[in-house]
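# Secondary and tertiary structure notes
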Amino acid sequence: MNSTSLKRKAVQQENEQPSKLAAIAETDANQPLRPSKTAVNKLGKGPPPATKPRAPVLSTSTRRIERATSAPPKSTTAVVRPTVTRPTRVASASQQDKRFQSLQDQVSSIEAARAADAARLAAAMESERTKREELEASHQALYRQLAAAKSHEDSQRKELDIASDELQQIRRRHEREISELEEDARRHQRELRDVREELRLCQGDLDREREVTSNLKSTVSLQSTAQLSLTAQISALQADNSALQAELQRLLGVKSDLTLQIETLEKEAENLRREGREGESMRRKLHNMVQELKGNIRVFCRVRPLLPSDVPPVDLCRSVSSSAGSPSSTPSPDPEDEAKRREECMARIEYPDKMDHKEIMLSSSSESATGQERKDEWGFSFDRVFEPHATQAEVFEDISQLAQSCTDGYNVCVFAYGQTGSGKSFTMEGGQTEINTGMIPRAVEQVFQVTDELKTKGWEYKMEGQFLEIYNETINDLLGKGEFDKKKHDIKHDAKTGRTTVTDVNVIPLSSPVQVRALLARAQSRRTVAATLMNERSSRSHSVFTLRIYGENTLTSEVCEGSLNLVDLAGSERLEKSGAAENKDRLKETQNINRSLSALGDVIAALGEKGDGKSDKHIPYRNSKLTYLLQNSLSGNSKTLMVLNLSPLASHLNESLCSLRFATKVNNTTIGTAKKQSKTANS
């Protein structure tokens, strides 16, 4: 590798030609000479020349500069003589001296440059000679190592040949021994096969002799014990026969006892089933009697708790004091101040009956013109009074008995009454959590639970529901798919069956309480609501959810049909309180709401007068779509519950008193005895 590179460098050095120097006359006399590019490349990057260059010799007589080279150039360069344009006049001697002096200076600089180049080339040549000597010494060392390795390899090769010969001799000797052993093994195998064949023949003869001997011995033994064995078998069979006969007699006796017990149990089961059906009928009668004793029309009163939005902010309470001085930073709310403001906002409501929770008392104080304090108190009594801390479950506990009556075949109507913002929708529909579930989903869940329990007693039920809205004396289907007021819905009553139907409404078959909750959510989103001064999101329409129940007993062939009407009435308030007088639409809504609620009061009053003995009293059901829709649920054939909702605010005291007086009027009304809608399957 190193010798090849050295040869290649020597060839390159031999092929290189020294660069020629341009003639001095070809350049401008005033411009300094520049070194040749070829010379720079040769000196800076390429390999050094093979010979040492010499400085050029300047001849003043011939004005020609020649460059010394180690080898003759490839082509002969003609001598270039400077061409001087002589003017018409002869130049002065001083100008010629200056020009000559400049030429001498240029020649001196060229000679200095050539001397520097010669020194650099000499140094480069010396370094290359040193490298070459080192490479030659290395080459000699490698050559000596290669000779030693070759001699060592020759000695090892000789030893390997000797070992190979010995191995071949050992292999040939081993092969001869193996062939001899194989021959011995084949001979022994032949001898072994001959011996085994002789042994097999002898063994067969011995087995035949032994078999003959065994047969003879067994024949003798069997013949000697046959009689004793047969005798013992006969005795055992006779004993088994006696035992089986006794067991058969015992089993026949057990069978007769079991048959008697089965007949007795079947009679007892039939009696229990009959008693269960009679008990169910008795339970229905007793349940109906309890409801009749409580009254077929009952009134519950519920006062909602004070909400944070009911308490006026601190800024309003301190507006007078802050206007006198400069405004300051808003202080943090004081708990005592907060409690005081809550007490000022609340009306004075007391609950004197701590045992039965049936009484409520309202009071107020005012100053007369003479400055005397005047105190007013109003007391009312209802079937049940719920205080603000009462939960939804506590309110539904009494209503659940009416839900039970639906499955027994009675018409039930539960409606919420009260001013706007008193909590009617919360009572009937509830909130988002499970604890705040309203009366409608709880009643439906109660009905499904009762019907599941009655399946074990032979009852099978089918249920269907509808959800209607009465807005401005117009019936809308909340479960419909189209827009409101596109269809005209008429109310029809069947005098024979006591069933009320509405034309062109969707009646949905119900299979689970979850489905009912989905329908309620769908209907709630379509219900007409509007903002009034009494409540930001006030219900401006009556909503009526009707659950029809059809039951049949496959054991007694009894059929019953009931309905549950859950009504959320629109908010009742005066025009000046609600601010509806300033809006024509709100004014019309409020007038229709108050008109329908007034018609409801007239119907209940007429029913009371008719219950007192005035059989010819006319019941004005047709004065309102609400009363006409609930005709069969408000008559004497149904059980009615009114849930009066009150606001705890002192500013709503007058509205609360009006609602309490109307509820008292309803509570004092007797509408007669409810009738069960039942018949046999064959009738």
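Cut-offs applied
- Numbers given to residues run from 1 along each chain, matching the order in which its sequence is written.
- Given that the model is predicted, a residue must reach a pLDDT of at least 70 before its local features are reported, and side-chain atom pairs must reach 80 or more before they are shown or counted; all residues, however, enter totals for whole chains, interfaces and linings.
- Side-chain metrics in this entry use all non-hydrogen atoms of the structure; hydrogen atoms and water are not considered.
- UniProt positions are given in the numbering used here, feature names are shortened, and annotations may be inferred rather than shown by experiment.
- Strands are runs of DSSP state E lasting at least 2 residues, helices are runs of H or I lasting at least 4, and numbering of each runs from the N terminus.
- With a 1.4 Å probe rolled over the protein chains alone, any residue whose accessible area is under 20% of its type maximum counts as buried; one over 50% counts as exposed, and the rest are partly exposed.
- It only takes one pair of heavy atoms within 4.5 Å for two residues to be counted as in contact.
- Buriedness of a pocket was judged along seven lines, with at least five required to meet protein on both sides within 12 Å; pockets are open sets of points on a 1 Å grid over the protein atoms alone, cavities are sets where a 1.4 Å probe fits but cannot get out, and lining residues have an atom within 4 Å of a point.
- Grid points are joined across faces, edges and corners, and a volume is the space filled by probe spheres set on the points.
- When residues are grouped by polarity, Ala, Val, Leu, Ile, Met, Phe, Trp, Tyr, Cys and Pro land in nonpolar, Asp, Glu, Lys and Arg in charged, and all others, Gly among them, in polar.
- Axes here refer to lines fitted to C-alpha atoms; in helices the fit is confined to the stretch in contact. Angles between the N-to-C directions go from 0 to 180 degrees.
- Should an angle fall under 35 degrees it is taken as roughly parallel, and over 145 as roughly antiparallel, whereas 65 to 115 is taken as roughly perpendicular and any remaining angle as oblique.
- Should the near helix be turned counterclockwise from the far one by less than a right angle, the crossing is left-handed, whereas a clockwise turn marks it as right-handed.
- The rule for pairing is simple: two strands pair if DSSP sees at least two bridges between them.
- Pairing of aromatic rings covers Phe, Tyr and Trp, the last counted by its six-membered ring, and requires centre-to-centre distances within 6.5 Å; plane angles under 30 degrees mean stacked, over 60 mean edge-to-face, and any other angle means tilted.
- Lysine NZ or arginine CZ positioned within 6 Å of the ring centre and within 35 degrees of the ring normal marks a charge as sitting over the ring.
- Patches here: salt-bridge-free residues with over 30% relative accessible area, like charges joined within 9 Å, nonpolar side chains (Val, Leu, Ile, Met, Phe, Trp, Tyr) joined within 5 Å.
- Only the protein chains shown count as cover for residues, and all accessible areas are computed by the Shrake-Rupley method using a 1.4 Å probe.
- Any Lys or Arg side-chain nitrogen located within 4 Å of an Asp or Glu carboxyl oxygen qualifies as a salt bridge.
- Among buried residues, those of type Ala, Val, Leu, Ile, Met, Phe, Trp, Tyr and Cys that are joined through side-chain atoms within 4.5 Å constitute a nonpolar core.

- For the protein, the name recorded in an unreviewed UniProt entry is Kinesin-like protein, with Sparassis crispa as its organism.

### Quick word on the UniProt feature "binding site: ATP" (unreviewed entry) in the protein
- Under the UniProt annotation, "binding site: ATP" (unreviewed entry) lies at Gly418, Gln419, Thr420, Gly421, Ser422, Gly423, Lys424 and Ser425.
- Secondary-structure assignment places Gly418 in strand β8 (residues 411–418).
- The class for Gly418 is buried, based on a relative accessible area of 1%.
- With respect to the helices, strands and loops of the structure, Gly423 is situated in the loop between β8 and α8 (424–428).
- Each residue touching Gly423, except ones within four places of it in the same chain, is listed here: Arg304 and Asn645.

### Details of empty space enclosed by the protein
- Tallied over the entire structure, the rule returns 3 cavities of 30 Å³ or more.
- Approximately 240 Å³ is the volume attributed to the largest cavity.
- Along its surface, the largest cavity is lined by 22 residues, and Gly498, Arg499, Thr500, Arg548 and Ser563 are the ones closest to its centre.
- Those elements that place two or more of their residues in the lining of the largest cavity are β12 (499–502), β16 (542–553), β17 (558–568) and α14 (631–634).
- Class assignment of the residues belonging to the lining of the largest cavity gives a composition of 5 nonpolar, 14 polar and 3 charged.

### Remarks on the packing of helix α9 (residues 439–454) against helix α10 (residues 513–526)
- Where α9 contacts α10, the two axes come as close as 9 Å, and the packing angle between them is 155°. For the element pair α9 / α10, the angle class is roughly antiparallel. Every pair of crossing elements has a handedness; the one defined by α9 and α10 is right-handed. Between α9 and α10, the contacting residues are Ile440, Pro441, Val444, Glu445 and Phe448 on the first element and Pro513, Val516, Arg517 and Leu520 on the second.
- Its residues placed into classes, the contact of α9 with α10 shows 7 nonpolar, no polar and 2 charged.

### Quick word on the pairing of strand β10 (residues 474–477)
- Pairing of strand β9 (residues 459–471) with β10, which is carried by 4 bridges, proceeds in the antiparallel orientation. Note on β10: the bridge partner recorded for Tyr471 is Thr474.
- Here β9 hands over to β10 after 2 residues, with Asn472 in that stretch at a positive phi of 55°.

### A short note on the packing of aromatic side chains
- For the coordinates displayed, the defined rule picks out 4 aromatic pairs.
- Across the ring face of Tyr410, the terminal group of Lys639 is positioned such that the distance to the ring centre comes to 4.3 Å.

### Re the sheet that holds strand β5 (residues 359–367)
- The 3 strands lie next to each other as β4-β5-β6, forming an open sheet whose pairing is antiparallel. Both outer strands of the open sheet, β4 (348–350) and β6 (373–381), are each paired with one neighbouring strand and no more. The sheet shows a mean angle of 20° between the axes of neighbouring strands, taken without regard to direction.
- For β5 and β6, the ladder comprises 9 bridges, and the chain directions are antiparallel. Paired with Leu362 across the bridge in β6 is Trp378.
- Where helix α15 (residues 653–667) meets the sheet, it contacts β5 and β6, and its direction lies at approximately 35° from that of β6.

### Notes on a nonpolar patch on the surface
- On the surface, Val254, Leu258 and Ile262 cluster together into a nonpolar patch covering about 240 Å² of accessible area.
- Relative to the elements of secondary structure, Ile262 occurs in helix α3 (residues 93–294).

### Section: the nonpolar core
- Within the largest apolar cluster, 48 residues are counted, with the highest numbers of intra-cluster contacts made by Ile360, Phe382, Phe415 and Leu660.
- Counting residues per element, the ones that place at least two in this core are β3 (297–303), β5, β8, β9, α12 (584–611), α13 (625–629), β18 (638–646) and α15.
- At 7 residues, α12 tops the list of elements feeding residues into this core.
- For Leu660, the contacting residues outside a window of four places in its chain are Cys301, Ile360, Leu362, Phe380, Phe382, Leu644 and Leu646.
- Formed by 40 residues, the second largest nonpolar core is a distinct cluster that contains Val444, Phe467, Val516 and Leu566.

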